[in-house]
Amino acid sequence: MELSINETKVQVMAADDTPLLWVLRDHLGMTGTKFGCGMALCGACTVHLDGQPTRSCMMPISAVAGKKISTIEGIGATTAGQAVQDAWLALDVPQCGYCQSGQIMSAAALLKGNPKPSDADIDAAMTGNICRCGTYPRIRAAIKQAAGKLGAGK
Amino acid sequence: MSAVMKAGDESAGLSRREFLARVGALGGLVLIAGVAEVVKAQDAARYGADSMPHGWSDNPLAFIAIGEDGTVTIVVHRSEMGQGVRTGMPLIVADELEADWSKVRVTQAPADELKFGNQDTDGSRSTRHFFEPMRRCGAAARTMLEQAAAASWGVSVSEVQAVNHEVVHRKSGRKLGYGALARAAAQLPVPARESLRLKDPTRFRYIGKGKTHLADGRDIVAGKAQYGIDTRLEGMLYAVVARSPVLGGKVVRYDAAEALKIPGVVKVLQIQVSVPSAKFHPLNGVAVVAMDTWTAIKARNALKVQWDDGVHGSYDSKAYRAELEQAARKPGKVLREAGDVDGAMSKAAHKVEAEYYLPHLAHASMEPPAATARIVDGRCEVWAAVQAPQVTREDVAKHLGLSSENVTVHVTLLGGGFGRKSKPDFAIEAALLSQQLAGKPVKVTWTREDDVHNDYFHTVSVEHLQAGLDARGKPVAWLHRSAAPSIVSLFGPDPKHEAPFEQGMGLINMPYDVPNLRIENPEAVAHTRIGWFRSVSNVPHAFAVQSFVAELAAAAGRDHRDYLLELVGPPRLIDPTALKDGWNYSESPQRYPVDMGRLRRVIETVTREAGWGRKLAKGRGLGLAAHYSFVSYTAAVVEVAVGGKGELTIPRVDVAFDCGPQVNPDRIRSQLEGAVVMGVSLATLGEITFKNGRAEQDNFHQYQVTRIDAAPRQIKLHLLPASDWSVPLGGVGEPGLPPIAPALCNAIFAATGKRIRQLPIRDQLASG
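Everything numeric here is computed off the predicted structure, so don't read it as measured data. (Residues numbered from 1 in each chain as written. Chains lettered and ligands numbered in written order. Predicted model: local features only at pLDDT ≥ 70, side-chain atom pairs only at ≥ 80, totals over all residues.)

Focus on the overall build of chain B
- Each helix and strand counted, chain B has 20 helices and 28 strands in total.
- Along the longest, intermediate and shortest principal axes, the C-alpha atoms of chain B span 85 × 75 × 55 Å.
- Here chain B holds 768 residues, and 59% of them are scored as buried.
- Contacts spanning at least 24 positions in sequence make up 80% of the contacts within chain B whose residues lie at least 6 apart. (Helix = DSSP H or I, 4+ residues; strand = E, 2+ residues; numbered from the N terminus. Buried ≥ 20, exposed ≤ 12 C-beta atoms within 10 Å, placed from the backbone. Contact = placed C-beta atoms within 7 Å.)

And the structure:
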């Protein structure tokens, strides 16, 4: 099966029901996308499918052929993704860092569609991403900082 | 990079502390056989890092390598689980070394306590125990570089000075970079510890500044950081295990026919461990080994396993709670007693009684347990996200029948730990499976369900309190009974009582000056694996005591803050042994007395900063709690808003914190922020229940944790500066947590008049 990941075409051989998460991690060695729950409850596995934030742990690869997949390894190539990564570094958001791939993917998708999110917008976009270390205050601050930078760049 | 100053010389001063019992780590209860006498003979009272297995090292040859290109590589021997140790520890070394942080590379030590000293990353101890050794480490290497430069110029070493990655000869203006000096410096002997010249703290460039960005930040945001679950080896197989859902359960028989039909399944293997106690051993189970994780998960779910549940198969949370309540309502083992409680209670003007219940919790670190192992030519290598690398090494060796010299443990980043990953059961699973597969590399991944079902759970407890108040409302009699299964039940016969290290977490060492006082600990039997969870027994003890004090203040018609400060009393130092606390977080009672002045100061600071007493809208309230733990002082004020239907929101939390000198203030802040969120999470949502011996929750839809929308909107932190750097360091990772739940429930009481006595709060406000 051919997949398009971060603008690159790759061939994979895996059972049709294999979630995209495990194809990325086990078959392609792209371990930046994390396993957290396997039930789309925690957001650690978030990728973008045609620009939409999607939980890859419940998305069978049979459903993603022909779609553009972007992952944490490629998100820095987008304007929003880079602004989010920069803000994350400037505010030292991560603690253990494990959930942050998913947080960054959700935040980048939010900012792409909504350059000036309110607190309620942030809640709505980020509530699917659990951080057990409790970095939420810095995630919120970093999204606002990234939004400010993106706005200033226009 | 050519590392010419090499790690590897183990001659410098380690051997005398090679054989220390695991006293500190396990609270004085589990000793390596035959070692206790050795410790006793050497020194009866060892504290702090000295009391830990394998003590400490300050040998620069173990921790620092300098390349000829000038790159300084600093080895971190503690595990990074989000507390920032991979930034904090190296910045101490780099500061004393006068290294330019941009030329510092951080690398992770494998398990090797003979070389690095104790590696157990727990008890909020890493910076506290290694601040001084790491300073000496950096200072020793700096001295060697200065000596090498002075020798090359033929001048006295007193005329040269290391400044920002080079050594300068002031008189002549000559300079040599660290890279150019590395080879010569490496030939010099390590200077004697006593001869080292530590920096004057006014010259610190990284320590205490909080300006150093995370060592792993760039890797994390780019998805490149390597956690235990990310290990990939050539030819690696993937395993998922069906484990006994009940503590002590065994496989009676299993049918793997359906599992083996799934393409990609390589083998189904049994993990059978016959041991008298749970300790850190793997659980009995059946493993599926496959070509990828997904196939292993599918096939594991297709296994048919018949279990013999054993003696804990009837564990039921509801029935157990009733048992604990019964136990807590009767006299139990007396831990500490002063005056005549019963007499004073009967004569008191007013009597208050309250009982608090806190359920089991699961750690639920975002990275579930995962480890990879392979065995080549009788040598096992393990890659794992573990808090206790040396314990992992020794336990893997024991299970494989190897000597620990033949086991290498590579410590990855931990995707959260919170105490769960101090138990290496999952790493042993990987090693045992590799052994059954002729040494092939195998990665074991726990699913979230596995993690929730088979955690080493936070204890469950009933805390029963009674107080007698005099006519002014002051407590003249105090009775606290704490009934909770002990972590020590893991290691042998269940003691049925809290161990000294559990009692010392806010139970026996309750510091308020009440003339008639009795602290009791009725029996409680463990029916599941009980483990260390961030802040451990401080969570139930602080919840009970700090809720109860607020209840007493309300009963006395007093302001909670004033009442609490009166209980704390005037600034004074209390010897923990006078409180019958012989543990004191393994620290010296002289060096680390309970400082009531510092406790006062955090209460005064947090209430002032939070605007205690300010006018609030209807349905809003402020709640206060303060607690001494991990030799640090924390006070919190939580502001809540409770809506008409009982909807709870938390607009703001203030925390005042005194941990003595602050090595990396930004990570202290992040730890406190995280503790606030975790405190809110366990107070509002966290609960694991058991039925038929099995945890009833599977995943995050049932074991819920706080998400961004319910997290406090504002967290304001007030770090209290230490008077100077001679004040001994306190812990940071854990002490932020205990006051949060009681402060939150005290705020709910202030807002609504409803007193929460059982956690989690969940929908208890809905009816009101």
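Some details on the overall build of chain A
- The helix and strand tally for chain A stands at five helices and five strands.
- Counting from the amino terminus, chain A carries its helices and strands in the arrangement β-β-α-β-β-β-α-α-α-α.
- Radius of gyration (C-alpha) of chain A: 15 Å, near the 15 Å computed for a compact globule of 154 residues.
- With respect to the principal axes defined by its C-alpha atoms, chain A has extents near 45 × 35 × 25 Å. (Rg over C-alpha atoms; globule rule 2.2 N^0.38 Å.)

Here's the deal with the domain arrangement of chain B
Residues and elements named next belong to chain B.
- We note that the domain assignment places domain 1 (54-221), domain 2 (235-311 + 369-445) and domain 3 (317-361 + 456-752) within chain B.
- Put simply, the middle of domain 1 and the middle of domain 2, counted by C-alpha atoms, are 38 Å apart.
- On the domain 2 side, the residues contacting the 13 residues of domain 1 number 18 residues.
- Counted by class, the side of domain 1 that touches domain 2 contains three nonpolar, five polar and five charged residues. (Domains from an automatic or database assignment. Nonpolar A, V, L, I, M, F, W, Y, C, P; charged D, E, K, R; others polar.)

So, the sheet that holds strand 9 (residues 265-271) of chain B
All names here are of chain B.
- What the seven strands build is an open sheet, ordered 9-10-7-17-14-15-16; its pairing is mixed. Looking along the sheet, the strands with just one partner apiece sit at the ends: strand 9 and strand 16 (407-411). If you compare each strand with its neighbour and ignore which way they point, the axes differ by 20° on average.
- Across the sheet, helix 9 (residues 293-302) lies against strand 7 (237-243), strand 9, strand 10 (285-290) and strand 17 (442-445), angled at about 25° from strand 7, the strand it touches most. (Pairing = 2+ DSSP bridges. Axes fitted to C-alpha atoms, helices over the stretch in contact; angles between N-to-C directions.)

Remarks on helix 17 (residues 560-568) of chain B
Residue and element names in this part refer to chain B.
- When we look at burial in helix 17, the residues that qualify are His-560, Arg-561, Tyr-563, Leu-564, Leu-567 and Val-568. Around the axis of helix 17, the buried residues are gathered within 165° of arc, so they sit on the same side.
- Taken from the residues just after helix 17, Gly-569 is the one with a positive phi, measuring 80°. (Arc of directions from axis to C-beta.)

As for the pairing of strand 6 (residues 174-177) of chain B
All names here are of chain B.
- As judged from the four bridges shared by strand 5 (residues 166-169) and strand 6, these two strands associate in the antiparallel manner. By the bridge assignment, Glu-166 is partnered in strand 6 with Gly-177.
- The turn linking strand 5 back onto strand 6 is made up of four residues, and Gly-173 within it adopts a positive phi angle of 75°.

A short note on the interface of chain B and chain A
- Counting from both sides, the interface comprises 48 residues of chain B and, opposite them, 46 residues of chain A.
- Mapped onto the side of chain B that touches chain A, the elements with two or more residues apiece are helix 7 (217-221), helix 9 and helix 19 (665-684) of chain B.
- With seven residues, the single largest contributor to the side of chain B that touches chain A is helix 19 of chain B.
- Partitioning the side of chain B that touches chain A into residue classes produces 23 nonpolar, 13 polar and 12 charged.

Things to note about the nonpolar core
- Formed by 286 residues in total, the largest nonpolar core has its most connected members in Ala-239, Val-288, Val-382 and Leu-744 of chain B.
- Every residue in contact with Val-288 of chain B, bar those within four places of it in the chain, is listed here: Ala-239, Val-240, Ala-259, Val-265, Val-268, Ala-296, Ala-299, Arg-300 and Leu-303 of chain B. (Core = buried A, V, L, I, M, F, W, Y, C linked by C-beta atoms within 7 Å.)

Structural notes on the packing of helix 3 (residues 100-113) of chain A against helix 5 (residues 136-152) of chain A
Residue and element names in this part refer to chain A.
- For the pair helix 3 and helix 5, the least separation of the axes is 11 Å and the interaxial angle reads 40°. With respect to their mutual orientation, helix 3 and helix 5 come out oblique. Helix-helix and strand crossings are classified by hand; for helix 3 and helix 5 the assignment is right-handed. Contact residues: Gln-103, Ala-107, Leu-110 and Leu-111 in helix 3; Ile-139, Ile-143, Ala-146, Ala-147 and Leu-150 in helix 5.
- Per-class residue counts for the contact of helix 3 with helix 5 are eight nonpolar, one polar and no charged. (Parallel < 35°, antiparallel > 145°, perpendicular 65-115°, else oblique. Left-handed = near helix turned anticlockwise from the far one by under 90°.)

Here's the deal with the confidence of the model for chain B
Residue and element names in this part refer to chain B.
- Predicted confidence across chain B gives a mean pLDDT of 94, with 94% of residues reaching 70 or more.
- Contacts from residues 1-42, a stretch scored under 50 in pLDDT, to residues over four places away or in other chains number 78 contacts.
- Interface predicted TM-score (ipTM) for the complex: 0.99; the corresponding pTM is 0.95. (pLDDT = per-residue confidence, 0-100.)

Observations concerning the pairing of strand 2 (residues 72-76) of chain B
Residues and elements named next belong to chain B.
- The buried fraction of strand 2 amounts to four of the five residues, a majority that puts the element mostly inside the structure.
- Note that strand 1 (residues 64-66) and strand 2 share three bridges and pair antiparallel. Paired with Ile-66 across the strands is Val-72, a residue of strand 2.
- With antiparallel pairing between neighbouring strands as the criterion, strand 1 and strand 2 make up a hairpin whose turn holds five residues, including Gly-70 at a positive phi of roughly 90°.
- Note that strand 2 and strand 3 (residues 104-108) share five bridges and pair parallel. Along strand 3, the bridge assignment pairs Val-72 with Val-104.
- Since strand 2 and strand 3 lie parallel, the crossover through helix 3 (residues 85-97) that links them has a hand, and here it is right-handed. (Right-handed = clockwise from strand over helix to strand, strands pointing away.)

Some details on the domain arrangement of chain A
Residues and elements named next belong to chain A.
- You can read the domains of chain A as domain 1 (2-70) and domain 2 (75-152).
- For domain 1 and domain 2, the distance between their C-alpha centroids amounts to 21 Å.
- Counting residues at the interface gives 15 residues for domain 1 and 12 residues for domain 2.
- Considering each element in turn, the side of domain 1 that touches domain 2 owes the most residues, three residues, to strand 3 (residues 46-49).
- Tallied by class, the residues present in the side of domain 1 that touches domain 2 amount to five nonpolar, nine polar and one charged.

Some details on the sheet that holds strand 4 (residues 160-163) of chain B
All names here are of chain B.
- The strand order across the open sheet formed by three strands is 4-5-6, and the pairing between neighbours is antiparallel. Looking at strand neighbours, the two that pair on one side only are strand 4 and strand 6, the edges of this open sheet. When strand polarity is set aside, the average angle formed by the axes of neighbouring strands in this sheet is 25°.
- The sheet contact formed by strand 4 and strand 5 spans four bridges and is antiparallel. Bridged to Gln-161 within strand 5 is Val-168.
- Along the sheet, helix 6 (residues 178-187) makes contact with strand 5 and strand 6, crossing strand 6 at roughly 75°.

Here's the deal with unusual backbone geometry
Residue and element names in this part refer to chain B.
- Cis peptide bonds are those with omega within 30 degrees of zero, and the linkage from Leu-759 to Pro-760 qualifies with 0°.
- Mapping Pro-760 onto the fold places it in the segment after helix 20 (740-752).
- Of note in this structure, Lys-496 is not a glycine but carries a positive phi near 65°.
- Looking at the element boundaries, Lys-496 is found in the loop between strand 19 (475-483) and helix 15 (500-503).

A few points about helix 2 (residues 79-90) of chain A
- The end-to-end C-alpha separation of helix 2 of chain A is 16 Å, in line with the 16 Å expected for 12 residues at 1.5 Å each.
- Within the span of helix 2 of chain A, buried status applies to Gly-81, Ala-83, Val-84, Gln-85, Ala-87 and Trp-88 of chain A.
- Each element contacted by the buried residues of helix 2 of chain A is listed here: helix 3 and helix 5 of chain A together with helix 7 of chain B.
- Looking one or two places after helix 2 of chain A, you find Asp-92 of chain A, whose phi comes out positive at around 45°. (Expected span 1.5 Å × (residues − 1).)

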